[in-house]
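Chain by chain, the residues run as shown.
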Amino acid sequence: MNIRLKLVTILIVVAALSSAATAVIIKFSPKSTMPEMSEEQRSTRQKFFGTNGKLQPIEKGQEMRPRW
């Protein structure tokens, strides 16, 4: 019984340490070095997704909910 308790304790400690190490690695990893978008890419994105402005108001009776 004593061996099982030690084994469970060791497993919990290993899990906690690996979790802490993962958090530290993620927190201190270097920022992604994605290059900025070119003007052509930016304009294509705006055409496809629309502008960053406000959305038009939803007309009466056009609620966005499932019909069931």
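Residues numbered from 1 in each chain as written. Predicted model: local features only at pLDDT ≥ 70, side-chain atom pairs only at ≥ 80, totals over all residues. Heavy atoms only, no water.

So, on to the overall build of the protein chain. Within the protein chain, the secondary structure is distributed over two helices and zero strands. Buried residues in the protein chain amount to 0% of all 68 residues. Taken as a whole, the protein chain presents about 7,800 Å² of accessible surface, with 63% of it coming from carbon and sulfur. (Helix = DSSP H or I, 4+ residues; strand = E, 2+ residues; numbered from the N terminus. Buried < 20%, exposed > 50% of the residue type's maximum accessible area, 1.4 Å probe, protein only. Areas by Shrake-Rupley, 256 points an atom, 1.4 Å probe, with all protein chains shown as cover.)

Along the polypeptide, Arg 42 turns up in helix α2 (residues 39-49). Residue Arg 42 is classed as partly exposed on the basis of its relative accessible area of 29%. Setting aside chain neighbours within four positions, we find Arg 42 in contact with Glu 36 and Met 37. There is a polar contact of 3.4 Å between the side chain of Arg 42 and the backbone oxygen of Met 37. (Contact = heavy atoms within 4.5 Å. Polar contact = N/O pair within 3.5 Å; in protein donor to acceptor, adjacent residues only side chain to side chain.)

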